Amino acid sequence: MAGSGKAINAESAVEFDRRNTDWYVDKAIQAIVFVGGISTIIFVIGIFVFITREGLTFVFDTLDVKEFLTSEYWDPSDEDAPEYGILALIAGTASVTGLAMVVAIPFSLGAAVFIGEFATGKTREFLKVLVELLAAIPSVVWGFIGLSIMNPLIIEWFNVPVGLNVLNAGIILGLMAAPIMTSIAEDALKAVPDRYREAAEAMGATRWQVIYKVVLPAAKNGLLGAVLLGVGRAFGETMAVLMATGHSINIPTSVFDSVRALTATIAAELGETAVGSDHYGALFTIGIFLFLITFIINLLADLVVRGVRKG
Amino acid sequence: MVSAATAVMGANEIEVASPKIVVRDVTIRYAGTPALSGVSLDVREHEVFGIIGPANAGKTSFLKALNRMDMFTDGMKVEGSIEFDGRPIDRLRNVYALRSRIGVVFPLPVGLPLTIYENVALAPRLGGMRNKAELDDIVERCLTRAALWDEVKDRLNSLGSLLSGGQQQRLTIARALSQQPDVLILDEFSIAVDPVTTMRIEDVLKELKHELTIILVTNLVQQAQRLADRTAFFLEGECVEVGKTSDLFDGRVQDSRTRDYIEGKFG
Ligand SMILES: Nc1ncnc2c1ncn2[C@@H]1O[C@H](COP(=O)(O)OP(=O)(O)OP(=O)(O)O)[C@@H](O)[C@H]1O
Ligand SMILES: [Mg+2]
């Protein structure tokens with residue numbers, strides 16, 4: 001017995017040190033995946049560095065940060081006294097994004113609850129495909145809808161001179177953000193185990209009570225994440241807001257005021273500025289600002305979805 | 001109601017108790033294939049009615065039919081008649097009212113992702129109760145009766161789904177009790193619970209049968225022997241027989257398969 005035990009030990013001692021093909025394949029795949037992952041991070045950092053470098057000289061040399069953030073006058077092309085205040089642009093973006101969420105949250109959560117909790121079989125599959133189709137509509141098409149359908153409708157219904165305003169862009173952005181929010185919210189609902197629903201149903205809860213008392217609380221992180229991603233989507237949208245807001249600098253006092261968004265400003269003006277000019281720098285500074293805000297929103301969404309909460 | 005109950009509970013007078021649930025010729029199908037065929041039996045008020053039988057016997061399907069859970073199971077169809085307190089349950093206008101009178105404990109504990117307090121307060125809240133003091137009272141009473149109060153009284157606001165498996169199963173029982181049900185259904189409740197907790201829950205059940213009717217599905221025949229007044233033996237979609245537990249376990253069976261199963265000579 002002792003002899004055979006020793007033999008086995010000697011054998012495994014050799015085997016434990018032998019690196020076979022599987023081992024090398026595994027290491028190689030690990031390395032490839034690592035490089036892939038790292039390069040994504042490097043690209044993101046690279047983009048940030050590029051934007052920052054383009055904007056930073058301007059930030060340090062010319063810009064009065066306080067004025068930048070608190071002045072409502074944006075007139076960088078005035079040769080004698082250019083103005084670099086983005087307050088009105090922030091107000092434009094914020095008002096449109098805010099209204100978009102007012103439109104999108106009820107729509108998307110309602111749709112998600114219907115698809116996830118009530119619809120069955122074919123209806124459900126059909127609705128899911130429809131939502132994905134809606135999410136795939138290019139933003140310029142939405143802008144076109146804002147321009148050529150919503151604009152005359154708003155003028156007619158509300159009897160206002162222009163229909164390209166916060167209301168128009170807010171609705172368009174809301175409709176744009178709703179599909180992706182629906183999709184994520186539905187995933188969040190689907191992640192709630194059926195045994196929770198069954199347990200609640202077994203105790204006599206109605207369908208709506210089950211959803212309201214058990215499913216929504218259980219899914220609330222995912223739902224909040226869906227909303228935040230929707231905010232990020234609306235906030236970063238460019239083409240549709242350029243077309244539907246009216247693109248005029250304004251701190252809005254009603255939904256019928258035209259506004260201009262941060263993103264649309266960059267898109268509209270960057271092509272006509274000289275590289276390295278103050279105007280160019282100012283636009284990049286807006287870029288940095290957008291980047292930071294988007295980053296924060298996405299980070300929040302991510303943390304919320306992953307459920308950072310007390311145990 | 002309580003006085004009638006205690007009168008009935010005397011000793012072995014269970015026979016005279018009125019039927020709570022009357023099942024006649026019930027067949028349950030999934031997508032046409034029968035999982036349980038032609039079951040007829042009565043469950044009497046204030047008894048512990050045991051159901052034993054191996055896997056695939058149709059026990060869980062039978063329980064589902066009792067509180068109309070077939071409504072959300074795709075393809076599940078129940079034929080025959082089931083009466084609860086004399087009312088055919090397939091013709092109720094408000095099926096939620098039926099379910100709220102039947103507490104269900106599932107094989108794997110389901111601590112809802114709410115606080116411990118909210119888990120137990122949920123059913124009364126669904127019933128429209130708003131009074132905080134009353135809710136506090138119900139929560140404490142149900143947790144105490146489920147032998148869980150001492151372990152959780154200082155952490156009522158932590159998540160119920162984070163309790164240990166055995167604790168969650170007692171939480172599930174507390175939640176079922178908070179419905180103030182007439183009937184408590186337990187489906188293999190001890191499957192994920194240690195022997196000590198199992199014994200504690202069994203003691204709880206012995207107390208509870210003074211107040212309500214218990215249907216106990218179990219794959220531990222000794223558990224049926226310890227708890228059930230009468231026991232049904234299900235086998236491969238058939239109810240082989242129903243009898244007094246003491247008769248079945250003393251070998252006074254009508255069908256030799258029952259004896260074989262109880263004595264563990266199956267397979
Ligand atoms: N949702 C369902 N869809 C289709 N068939 C089902 C479903 N639930 C149960 N069945 C079938 O019904 C039969 C009986 O199952 P059931 O769960 O009632 O058995 P059981 O006696 O509870 O078994 P166990 O002791 O393993 O829990 C099985 O053949 C099972 O495949
Ligand atoms: Mg079962």
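Rules used throughout
- Residues numbered from 1 in each chain as written.
- Chains lettered and ligands numbered in written order.
- Predicted model: local features only at pLDDT ≥ 70, side-chain atom pairs only at ≥ 80, totals over all residues.
- Helix = DSSP H or I, 4+ residues; strand = E, 2+ residues; numbered from the N terminus.
- Rg over C-alpha atoms; globule rule 2.2 N^0.38 Å.
- Contact = placed C-beta atoms within 7 Å.
- Domains from an automatic or database assignment.
- Nonpolar A, V, L, I, M, F, W, Y, C, P; charged D, E, K, R; others polar.
- Near = placed C-beta within 6 Å.
- Core = buried A, V, L, I, M, F, W, Y, C linked by C-beta atoms within 7 Å.
- Buried ≥ 20, exposed ≤ 12 C-beta atoms within 10 Å, placed from the backbone.
- Axes fitted to C-alpha atoms, helices over the stretch in contact; angles between N-to-C directions.
- Parallel < 35°, antiparallel > 145°, perpendicular 65-115°, else oblique.
- Left-handed = near helix turned anticlockwise from the far one by under 90°.
- Pairing = 2+ DSSP bridges.

J.: Can you walk me through the overall build of chain B in this structure?
T.: Helix and strand content of chain B: 11 helices and 10 strands. Taking 18 Å as the expected radius of gyration for a compact globule of 267 residues, we find that chain B reaches 18 Å, a close match to that expectation. Partitioning the intrachain contacts of chain B with sequence separation of at least 6 by distance along the chain shows that 69% fall at a separation of at least 24.

J.: In this structure, what is going on with the overall build of chain A? I would like to understand it.
T.: Helices and strands together make up the secondary structure of chain A, namely 13 helices and two strands. Radius of gyration (C-alpha) of chain A: 27 Å, far over the 19 Å computed for a compact globule of 311 residues. Taken over the C-alpha atoms alone, chain A extends approximately 100 × 60 × 35 Å along its principal axes. Restricting the contact set of chain A to residue pairs at least 6 apart, pairs at least 24 apart contribute 72%.

J.: Please clarify how the domain arrangement of chain A should be interpreted in this entry.
T.: By convention, interface size is frequently given as the accessible area that disappears when the constituent parts associate. The assigned domain composition of chain A is domain 1 (2-49) and domain 2 (83-305). Taking only C-alpha atoms, the centre of domain 1 of chain A and the centre of domain 2 of chain A are 44 Å apart.

J.: Honestly, the interface of chain A and chain B in this entry has me stumped. Any pointers?
T.: At the junction of the two partners, chain A supplies 16 residues and chain B supplies 18 residues. Of all the secondary structure elements, the ones that give two or more residues to the side of chain A that touches chain B are α8 (194-202) and α9 (207-218) of chain A. Element by element, the count of residues in the side of chain A that touches chain B is highest for α8 of chain A, at six residues. Along the lines of polarity and charge, the residues of the side of chain A that touches chain B split into nine nonpolar, four polar and three charged.

J.: Just to check I follow, could you spell out the site of ligand 1 for this structure?
T.: Residue and element names in this part refer to chain B. Taken together, the residues surrounding ligand 1 are Y30, A35, G53, A55, N56, A57, G58, K59, T60, S61, T73 and N219. Looking at the shell around ligand 1 element by element, the count peaks at three residues for helix α2 (residues 59-66). Here the residues of the shell around ligand 1 sort into four nonpolar, seven polar and one charged.

J.: So what exactly am I meant to see when it comes to the nonpolar core here?
T.: Taken as a class, soluble globular proteins show a tendency for nonpolar side chains to be buried jointly. Counting 154 residues, the largest nonpolar core has I172, L173 and M181 of chain A together with I185 and L216 of chain B as its most contacted members. The element that contributes the greatest number of residues to this core is helix α7 (residues 166-190) of chain A, accounting for 16 residues. L173 of chain A has contacts with V96, T97, A100, A234, E237, A240 and V241 of chain A, leaving out every residue within four places of it along the chain.

J.: Can you help me understand the environment of K66 of chain A in this one?
T.: Mapping K66 of chain A onto the fold places it in helix α3 (residues 65-70). Between the C-alpha atom of K66 of chain A and that of F107 of chain A, which follows or precedes it by 41 residues, the distance is 38 Å.

J.: Would you take a moment to explain the packing of helix α4 (residues 87-118) of chain A against helix α10 (residues 220-236) of chain A for this structure?
T.: A pair of packed helices is characterised by two quantities: the angle between their axes and the separation of those axes. Residues and elements named next belong to chain A. Where α4 meets α10, the axes come as close as 9 Å, and the angle between the chain directions of the two elements is 140 degrees. Taken as axis vectors, α4 and α10 run oblique relative to one another. Every pair of crossing elements has a handedness; the one defined by α4 and α10 is right-handed. Here α4 contributes T93, T97, A100, M101, A104, I105, S108 and L109 to the contact with α10, which in turn contributes L223, A226, V227, G230, V231, A234 and F235.

J.: Can you help me understand the packing of helix α5 (residues 132-145) of chain B against helix α7 (residues 165-178) of chain B in this one?
T.: Residue and element names in this part refer to chain B. One can describe the packing of α5 onto α7 by two numbers: an axis separation of 8 Å at closest approach and a directional angle of 130 degrees. Regarding the angle of α5 to α7, the classification is oblique. Taken as a pair, α5 and α7 cross one another with a handedness that is right-handed. Counted together, I138, C142, L143 and R145 of α5 and A174, L177 and S178 of α7 form the full contact between these two elements. Among the residues making up the contact of α5 with α7, the classes are represented as five nonpolar, one polar and one charged.

J.: Please clarify how the pairing of strand β4 (residues 76-84) of chain B should be interpreted in this entry.
T.: In the case of a regular strand, side chains alternate between the two sheet surfaces. Residues and elements named next belong to chain B. One ladder, built from eight bridges, connects strand β1 (residues 19-30) with β4; its direction is antiparallel. Residue pairing in the sheet places I28 in a bridge with V78 of β4. Between the antiparallel neighbours β4 and strand β5 (residues 87-88) lie two residues, among them D85 with a positive phi of about 50 degrees.

J.: What is the right way to look at the environment of M71 of chain B in this model?
T.: With respect to the helices and strands, M71 of chain B occurs in the loop between α2 and β4. Remark: the alpha-carbon pair of M71 of chain B and D25 of chain B, spanning 46 residues in sequence, is separated by 19 Å.

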